[in-house]
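Chain residues, written in single-letter form:
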Amino acid sequence: MLLGNFLLSQSPHKDLVGHIWREREKTEREAASLFAELGKGMRACGLPNDLVAMAIEASDDEIDHARRCREIIAECDFKEPLLESKPRGLLGPRDLELDKRVLYTSAAMGCVTETVSTALLLEMKKRMDAPIIEKTVRAILGDEVNHSRLGWTHLAYYTQTAEADFLGAYLPRIFESLLIAESDEASEKRPEHCDVYGLGVLPRLTVERVFKQTLEEVILPGFEEFGVPTKLSHDWCRNRFGS
């Protein structure tokens, strides 16, 4: 429930919230760099201009998301400096051919990361206790849907003329690194653990539940539809979450 004109600076947990949204601000800037490199890689591979444009637009969106994170940080009266971000190149093994490495990046970012992000933001929408959190979550959510679509559109295009089965061996690695990153933002990972669900910080168990559900109901069926083997991914899910 939205609490009128509640400001984050009024929260007793403002330092914790500011700390977590500062980490997200860094992540958004790095995502902007990564999507920009993805656009360059797509262009170098001769992919359709529409796909390239989607990657460039995603990079611009992430820059805007970082700005929105900074607004939250400012409202928290959080005074520590922003974290240093590193330029990001294409993801995946360096020995992959360029077209496969570009697809790997699209799959990791669009099909997996942004699809999970969409699901987590939908969970956050269930409880938003400050106007700036509502405004930010709603704005980012709309963009993440489009970023997810970029990955699935690229995968659909690629599999019209080639097999994408090579991705199957890498999916568990992608899932594990993403789950670690998302869990590190959960409130239980902080010494000052408290209920900040309504301030955009989900409990760890909620993160894991949404992650698992999104994998099983959206991401893995999506990969299977395009011929990507998922046995290793299902094994990873069982080992990570149980039956």
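From a predicted model like this one, the values you see are computed outputs, not experimental measurements.

Enquirer: Would you mind going over the confidence of the model for the protein with me for this structure?
Expert: Do not read the predicted coordinates in detail wherever pLDDT is low. With 93% of its residues at a pLDDT of 70 or more, the protein shows a mean pLDDT of 91. Within the protein, no element has a lower average pLDDT than helix α5 (residues 171–184), which sits at 89, and none a higher one than helix α2 (residues 49–75), at 97.

Enquirer: Just to check I follow, could you spell out the packing of aromatic side chains for this structure?
Expert: Two numbers describe a pair of aromatic rings. These are the distance of the centres and the angle of the planes. For the coordinates displayed, the defined rule picks out six aromatic pairs. Measuring from centroid to centroid gives 5.2 Å for W152 and F223, while their planes differ by 50 degrees, and the two rings are tilted. One end of the pair, W152, is in helix α4 (residues 131–158); the other, F223, is in helix α6 (residues 204–225), and 71 residues separate them in sequence. The buried category is assigned to F223, whose relative accessible area is 0%. In this arrangement the basic side chain of R24 is found over the ring face of W21, its NZ or CZ atom lying 4.5 Å from the centre. The cationic tip of K100 hangs over the ring face of F166; the distance from NZ or CZ to the ring centre is 5.2 Å.

Enquirer: Just checking my understanding: could you explain the side chain of R22 for this structure?
Expert: With respect to the helices and strands, R22 occurs in helix α1 (residues 14–44). With relative accessibility at 7%, the residue R22 sits in the buried group. A polar contact of 2.8 Å, which involves the side chain of R22, links it to the backbone oxygen of P81. Residues in contact with R22, not counting those within four places in the same chain, are I73, F78, E80, P81, L82 and L83.

Enquirer: Teacher, can you tell me more about the nonpolar core here?
Expert: If you look at soluble globular proteins, the nonpolar side chains tend to sit buried side by side. Formed by 73 residues in total, the largest nonpolar core has its most connected members in M42, I133, L167, F175, F211 and F223. Setting aside its immediate chain neighbours within four residues, I133 contacts L8, W21, I72, M128, G198, L199 and G200.

Enquirer: Just to check I follow, could you spell out α6 for this structure?
Expert: Because each turn of an α-helix spans 3.6 residues, side chains separated by three or four positions end up pointing in the same direction. The end-to-end C-alpha separation of α6 is 30 Å, in line with the 32 Å expected for 22 residues at 1.5 Å each. At L215, α6 is deflected by roughly 45 degrees, the largest bend along its length. Three or more residues of α6 are buried, namely T206, V207, E208, V210, F211, T214, L215, I219, L220, G222 and F223. After α6 finishes, the residue G227 shows a positive phi value of roughly 80 degrees.

Enquirer: Could you clarify how one ought to interpret unusual backbone geometry in this entry?
Expert: Most peptide bonds take the trans form, and the phi angle of most residues other than glycine is negative. At D77, a residue that is not glycine, the phi angle is positive and equals roughly 60 degrees. Positionally, D77 belongs in the loop between α2 and α3 (98–124).

Enquirer: What exactly am I supposed to notice about the packing of α1 against α2 here?
Expert: Angle between the axes and distance between the axes are the two parameters that describe a pair of packed helices. Remark: α1 packs on α2, axes separated minimally by 8 Å, with the N-to-C direction vectors making an angle of 165 degrees. Comparing their axes, α2 and α1 come out roughly antiparallel. For the pair α1 and α2, the sense of crossing is left-handed. Residues belonging to the contact of α1 with α2 are distributed by class as follows: 17 nonpolar, four polar and eight charged.

Enquirer: What am I meant to see in the side chain of T230 here?
Expert: When you line up the elements, T230 lands in the loop between α6 and α7 (231–241). Among the residues examined, T230 registers a relative accessible area of 7% and is labelled buried. If we ignore the near neighbours within four places in the chain, the residues touching T230 are L220, F223 and E224.

So, how was this worked out
- For every chain, the first residue of its written sequence is number 1, and the numbers climb from 1 along that sequence.
- Note on the predicted model: pLDDT of at least 70 is required for a residue's local features to be given, and 80 or more for side-chain atom pairs to be given and counted; whole-chain, interface and lining totals, by contrast, use all residues.
- As a rule here, side-chain values come from all non-hydrogen atoms in the structure, and water together with hydrogens is ignored.
- By definition, pLDDT measures how confident the predictor is in each residue, and it falls between 0 and 100.
- Only DSSP runs of H or I covering at least 4 residues are called helices, and only runs of E covering at least 2 are called strands; the numbering of each starts at the N terminus.
- Any Phe, Tyr or Trp ring, taking Trp's six-membered ring, that has another such ring centre within 6.5 Å forms a pair; planes under 30 degrees apart are called stacked, those over 60 apart edge-to-face, and the others tilted.
- Under the scheme applied here, a residue whose accessible area is under 20% of the maximum for its type counts as buried, over 50% as exposed, and between as partly exposed, the area being computed with a 1.4 Å probe on protein chains only.
- Note on criteria: charge over ring means Lys NZ or Arg CZ within 6 Å of the ring centre, with the direction from the centre no more than 35 degrees off the ring normal.
- Pairs of N or O atoms within 3.5 Å make up the polar contacts considered here, provided that, within protein, one atom can donate a hydrogen while the other can accept it, and that residues adjacent in sequence are counted only when both atoms are side-chain atoms.
- Pairs of residues are marked as contacts when any of their non-hydrogen atoms sit within 4.5 Å.
- By nonpolar core we mean a set of buried residues, namely Ala, Val, Leu, Ile, Met, Phe, Trp, Tyr and Cys, connected to one another through side-chain atoms within 4.5 Å.
- A helix is expected to span 1.5 Å multiplied by its residue count minus one.
- Given a residue, its bend is the angle between the two axes fitted to the seven residues that end at it and to the seven that start from it.
- Note on geometry: axes are lines fitted to C-alpha atoms, helical ones only across the stretch in contact, with angles between N-to-C directions running from 0 to 180 degrees.
- Roughly parallel means an angle under 35 degrees; roughly antiparallel means over 145; roughly perpendicular covers 65 to 115; every other angle is labelled oblique.
- Throughout, a crossing is termed right-handed when the near helix is turned clockwise from the far one, and left-handed when it is turned anticlockwise from it by less than a right angle.
- Nonpolar residues are Ala, Val, Leu, Ile, Met, Phe, Trp, Tyr, Cys and Pro. Charged residues are Asp, Glu, Lys and Arg, and all others, Gly as well, are polar.

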